[in-house]
Amino acid sequence: MLTLNDYNSRIKPSWCPGCGNFGIWGALKNALLKQNLSKDDVCLLYDVGCSGNMADFVHTYGIHTLHGRVISVAMGVSIANHQFPIVAIGGDGGIYGEGVEHFITACRANVNITAIVHNNSLYSLTTGQKSPLAAKGKKTKSTPHGVVEVPFQPLKSAIIHDAGFVARGFGADIPYLTELITQAMQHKGFSLVEVLQPCPTFNKDMSVQWYLERVKKLPTFDGLSEKEAFEKVDEAPDSLVTGVLYKSERPAYHEHFPQLQQVPLLGQQIETVHIERLINSFI
Ligand SMILES: Cc1ncc(C[n+]2csc(CCOP(=O)(O)OP(=O)(O)O)c2C)c(N)n1
């Protein structure tokens, strides 16, 4: 009989008191338990950041990757074994900044992974520089006169590129986030769960209270049309929509390859590779 404690490592979280990462950590473990996945039944991959530090606090199969690279490594794991539940965890800096090309590729490819993006609108591990989601004009350590660029639009980008499942949650609403992560993991194809999270240490003007006044839940888990989803997203920052914004039933990446229908790549008989012949073919 699995319990939540089975997912804990021996290391206690080192996040600041009040960090939104605690809620995401709790919801993720709830979602694993709800699906009856043991530590050997799932692979969690982590980016580098306060978010990625979760690698130390969770006890499952896992890989702590490089900054900005969690989605690309997760895609590789998925191509090797698309039947295995795979979750990529990272911050808005890593996934939407340095890793943005991998993010868009995963949406386009509809590769069978779930990405959980800890969105605190900042680089937190490196103590508070702007991220691609920092609002125009926001003063941060690296932008003392205010951010010049308009923010990246991850939810709209995921929808435009027809990702399988696009949702947004709030780190302080653990039961709702548990449901969103569970549904995302069950959905075939690329699933994005972006999570609004306060960073009480470096992003003081976006407190839990600030979020509580703005976060609005969608009434159902059915998903919206592209047009409706865009309209909801555009209500920010006065209203921050949470819930399942969009679902697409198009085939996942691996379903385009007949040779993967029966057995994943990992289980296939691969003929002996003559490495010299292979190298010579490139010369
Ligand atoms: C290739 C590379 N670039 C930059 C860094 C420095 N670095 C480490 S964490 C980080 C930002 C983390 O911000 P985010 O991804 O939003 O995660 P958070 O800490 O907010 O959870 C940066 C720039 C690095 N370690 N490696």
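Our structure is the block above this text.
Not measured: the values here are computed from a predicted model.

Undergrad: Any details on the overall build of the protein? Residues and values, ideally.
TA: Along its length, the protein carries nine helices and ten strands. Its C-alpha atoms give the protein a radius of gyration of 19 Å, near enough to 19 Å, the size a compact globule of 283 residues would have. Projecting the C-alpha coordinates of the protein onto the three principal axes gives extents of approximately 60 × 45 × 35 Å. Across the 283 residues that make up the protein, the buried fraction comes to 43%. Considering only residue pairs separated by 6 or more positions, the protein has 69% of its internal contacts joining residues 24 or more positions apart.

Undergrad: Explain the nonpolar core to me, using residue names and the numbers behind them.
TA: Counting 67 residues, the largest nonpolar core has Ala-106, Ile-116, Val-166, Ile-181 and Leu-192 as its most contacted members. Considering each element in turn, this core owes the most residues, six residues, to helix 1 (residues 21-34). The residues touching Val-166, leaving out its near neighbours within four places in the chain, are Leu-155, Ala-158, Ile-159, Leu-192, Leu-245 and Tyr-246.

Undergrad: An account of the site of the ligand is needed here, citing residue identities and associated values.
TA: Close to the ligand lie 22 residues; Gly-49, Gly-91, Gly-93, Gly-94 and Ser-124 are nearest. Among the elements of the structure, strand 3 (86-91), helix 3 (92-98) and strand 5 (122-123) are those that each provide at least two residues to the shell around the ligand. Tallied by class, the residues present in the shell around the ligand amount to six nonpolar, 13 polar and three charged.

Undergrad: Let's hear about the packing of helix 1 against helix 6 (residues 174-186): which residues, and what values?
TA: At a minimum axis separation of 8 Å, helix 1 and helix 6 run at an interaxial angle of 50 degrees. One way to sum up the angle between helix 1 and helix 6 is to call them oblique. With respect to the hand of their crossing, helix 1 and helix 6 are arranged in right-handed fashion. Contacts between helix 1 and helix 6 pair Gly-23, Ile-24, Gly-26, Ala-27, Leu-28, Asn-30, Ala-31 and Lys-34 from the former with Ile-174, Leu-177, Thr-178, Ile-181, Thr-182 and Met-185 from the latter.

Undergrad: Tell me about the pairing of strand 10 (residues 240-247), and please be specific about residues and values.
TA: The element strand 10 is largely enclosed, with a buried count of six among its eight residues. Summarising the sheet, strand 7 (residues 165-170) and strand 10 pair through four bridges and their orientation is antiparallel. Within strand 10, the residue paired with Phe-165 across the bridge is Lys-247.

Undergrad: Please give an account of the pairing of strand 8 (residues 191-196) that cites residues and values.
TA: Burial runs high along strand 8: six of the six residues are buried. Neither face of strand 8 is left uncovered, since the one carrying Ser-191, Val-193 and Val-195 and the one carrying Leu-192, Glu-194 and Leu-196 both have all their residues buried. Relative to strand 8, strand 7 runs parallel, the two sharing six bridges. What sits directly across from Arg-168, in strand 8, is Glu-194. Where the polypeptide runs from strand 7 across helix 6 and back to strand 8, its parallel neighbour, the crossover connection is right-handed.

Undergrad: Account for the sheet that holds strand 2 (residues 61-64), naming residues and giving values.
TA: As summarised here, the arrangement of the eight strands in space is 2-1-3-4-8-7-10-9, forming an open sheet in which the pairing is mixed. The open sheet terminates on both sides in strands that have one partner only, identified here as strand 2 and strand 9 (215-217). With direction set aside, neighbouring strand axes in the sheet form an average angle of 20 degrees. The pairing of strand 1 (residues 43-46) with strand 2 spans four bridges and is parallel. Along strand 2, the bridge assignment pairs Leu-45 with Ile-63. Along the sheet, helix 6 contacts strand 3, strand 4 (114-119), strand 7, strand 8, strand 9 and strand 10; its crossing angle with strand 7, the most-contacted strand, is approximately 160 degrees.

Scoring rules and cut-offs
- Residues numbered from 1 in each chain as written.
- Predicted model: local features only at pLDDT ≥ 70, side-chain atom pairs only at ≥ 80, totals over all residues.
- Helix = DSSP H or I, 4+ residues; strand = E, 2+ residues; numbered from the N terminus.
- Rg over C-alpha atoms; globule rule 2.2 N^0.38 Å.
- Buried ≥ 20, exposed ≤ 12 C-beta atoms within 10 Å, placed from the backbone.
- Contact = placed C-beta atoms within 7 Å.
- Core = buried A, V, L, I, M, F, W, Y, C linked by C-beta atoms within 7 Å.
- Near = placed C-beta within 6 Å.
- Nonpolar A, V, L, I, M, F, W, Y, C, P; charged D, E, K, R; others polar.
- Axes fitted to C-alpha atoms, helices over the stretch in contact; angles between N-to-C directions.
- Parallel < 35°, antiparallel > 145°, perpendicular 65-115°, else oblique.
- Left-handed = near helix turned anticlockwise from the far one by under 90°.
- Pairing = 2+ DSSP bridges.
- Right-handed = clockwise from strand over helix to strand, strands pointing away.

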